Amino acid sequence: MRLAGKVALISGGGRGMGAAEARLFAGEGAKVVIGDVLEDEGRAVASEINGSGGEAFFSLLDVTKDDDWRRVVAEAAARFGKLNVLVNNAGILVREELEEGDGEGWDRTLDVNAKGVYLGMKRAVPEMRRAGGGSIINISSISGLVSLGYPAYNASKGAVRIITKNVAIQYAREGIRVNSIHPGVIKTAMMDGDTRGDEDWDRLLPMKRFGEAIEVAYGALFLASDESSYMTGSELVIDGGFTAQ
């Protein structure tokens, strides 16, 4: 198994891409900690993994709160003895254009999508150092590479992209690798309520379909495993060809 002996913490693991990552990682031998504000969903995913012969537990995690990160990382180490992998997956999308809203949506988006990644790395790195190294996987977006969608979301995902590179270089000599994943249009709850027309979807989907959460999870599995041992500060784009246009 590709993650045998590893312990992985996944934020936003209660549904969507995070849940797909949790199930896949557990199936590949990892012990999984699921952090989320969605308590019922997170506990259900952990229960499913345990019922299938894996090892997982849920811990309530608001990624904007440093105290939550401290507690969850400590729980992971106490329960499983170490921490090898962090997937900063939690994220939100506020559909506001530049001249809309009062700034609250901007603040909330940057808090969850950017500050949450910063805090997760800040609290995971010392535990990974004690484990002799690790892999951090930050879920950005094609919106972190090109202009697409809403200003706050673009700004937050661009921040994730560049802080990934900064931290990757800072900790490369300690064996802590940091990479980002840039999904395109993935079929998750985040897409609910999207009002794009057929012309927009035709441009966004060169393969004429949405991506599936499991397709992003397989990318995260590669980055979490030792197969990617010479990758750090890299961008893995999983977008069905959109950014190749």
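Preceding this section is the structure that the text describes.
S.K.: I'd love a proper account of the overall build of the protein, names of residues and values included.
M.R.: A tally of helices and strands in the protein yields seven helices and seven strands. Secondary structure elements of the protein, listed N to C terminal, follow the sequence β-α-β-α-β-α-β-α-β-α-β-α-α-β. In summary, the protein has a C-alpha radius of gyration of 17 Å against a globular reference of 18 Å for 245 residues, a match within 12%. Structurally, the protein occupies a C-alpha span of about 50 × 35 × 35 Å along its principal axes. Taking all 245 residues of the protein together, 51% fall into the buried category. Of all intrachain contacts in the protein linking residues separated by at least 6 positions in sequence, the fraction that spans at least 24 positions is 71%.

S.K.: Describe in detail the packing of aromatic side chains, supporting the description with residues and values.
M.R.: The final tally for this structure, using the stated rule, is one aromatic pair. Directly above the aromatic system of Phe57 lies the positively charged group of Arg79, at a separation of 4.1 Å from the ring centroid.

S.K.: Tell me what's going on with the packing of helix H4 (residues 104–131) against helix H5 (residues 151–171), and back it up with residues and numbers.
M.R.: What describes two packed helices is the angle between their axes and the distance between those same axes. The interhelical angle for the contact between H4 and H5, taken along N-to-C directions, is 15 degrees, at an axis separation of 8 Å. As judged from the angle between their axes, H4 and H5 are roughly parallel. Crossing handedness for the pair H4 and H5: right-handed. Seen from H4, the contacting residues are Trp106, Thr109, Leu110, Asn113, Ala114, Val117, Tyr118, Met121, Val125 and Arg129; seen from H5, they are Pro151, Ala152, Tyr153, Ala155, Ser156, Lys157, Ala159, Val160, Ile163, Val167 and Tyr171.

S.K.: Describe the nonpolar core, and please don't skip the residues or the numbers.
M.R.: In this structure, Phe25, Val32, Ile34, Ile137 and Ile181 are the most contacted members of the largest nonpolar core, which totals 32 residues. Every element with two or more residues in this core is listed here: strand S1 (7–11), helix H1 (16–27), strand S2 (31–36), helix H2 (39–51), strand S3 (55–60), strand S4 (85–88), strand S5 (134–139) and helix H7 (213–224). In this structure, Val7, Leu86, Leu119 and Val160 belong to the second largest nonpolar core, which totals 28 residues.

S.K.: I'd like a description of the side chain of Ser140, backed by residues and values.
M.R.: Tracing the chain through its elements places Ser140 in the loop between S5 and H5. Excluding its chain neighbours within four sequence positions, the residues that come into contact with Ser140 are Lys157, Val160, Arg161, Ile181, His182 and Pro183.

S.K.: Tell me about a negative patch on the surface, and please be specific about residues and values.
M.R.: A cluster of acidic residues, Asp102, Glu104, Asp107 and Asp111, forms a negative patch at the surface. Examined against the element boundaries, Glu104 turns out to sit in helix H4. For Glu104, a relative accessible area of 58% gives the class exposed.

S.K.: How would you explain the layout of surface pockets if you had to name every residue and give the values?
M.R.: Think of a ball as big as a water molecule: rolled over the atoms, this probe shows where empty space is left. Empty space within the largest pocket amounts to approximately 870 Å³. Lining the largest pocket we find 42 residues, and of these Gly91, Ile92, Leu93, Thr188 and Met190 sit closest to its centre. Listing elements by their share of the lining of the largest pocket, those giving two or more residues are H1, S2, H4 and H5. Residues belonging to the lining of the largest pocket are distributed by class as follows: 21 nonpolar, 13 polar and eight charged. Of the voids in this model, the second largest pocket is the one considered here, and its volume is about 160 Å³. Tyr118, Met121, Lys122, Val125, Ile163, Asn166, Val167, Gln170 and Tyr171 together form the lining of the second largest pocket. Breaking the lining of the second largest pocket down by element, the ones donating at least two residues are H4 and H5. Here the lining of the second largest pocket takes five residues from H5, the largest share from any one element. In terms of residue class, the lining of the second largest pocket is made up of six nonpolar, two polar and one charged.

Rules used throughout
- Residues numbered from 1 in each chain as written.
- Predicted model: local features only at pLDDT ≥ 70, side-chain atom pairs only at ≥ 80, totals over all residues.
- Heavy atoms only, no water.
- Helix = DSSP H or I, 4+ residues; strand = E, 2+ residues; numbered from the N terminus.
- Rg over C-alpha atoms; globule rule 2.2 N^0.38 Å.
- Buried < 20%, exposed > 50% of the residue type's maximum accessible area, 1.4 Å probe, protein only.
- Contact = heavy atoms within 4.5 Å.
- Phe/Tyr/Trp six-rings, centres within 6.5 Å; stacked < 30°, edge-to-face > 60°.
- Lys NZ or Arg CZ within 6 Å of the ring centre and 35° of its normal.
- Axes fitted to C-alpha atoms, helices over the stretch in contact; angles between N-to-C directions.
- Parallel < 35°, antiparallel > 145°, perpendicular 65-115°, else oblique.
- Left-handed = near helix turned anticlockwise from the far one by under 90°.
- Core = buried A, V, L, I, M, F, W, Y, C linked by side-chain atoms within 4.5 Å.
- Patch = residues over 30% accessible without salt bridge, like charges linked within 9 Å, V, L, I, M, F, W, Y side chains within 5 Å.
- Areas by Shrake-Rupley, 256 points an atom, 1.4 Å probe, with all protein chains shown as cover.
- Salt bridge = Lys/Arg side-chain N within 4 Å of Asp/Glu carboxyl O.
- Lys, Arg positive; Asp, Glu negative; His and termini not counted.
- Charge placed at Lys NZ, Arg CZ, Asp CG, Glu CD.
- 1 Å grid on protein atoms, 1.4 Å probe; cavity = no way out; pocket = protein on both sides within 12 Å on 5 of 7 lines; lining within 4 Å.
- Points joined across faces, edges and corners; volume = space filled by probe spheres on them.
- Nonpolar A, V, L, I, M, F, W, Y, C, P; charged D, E, K, R; others polar.

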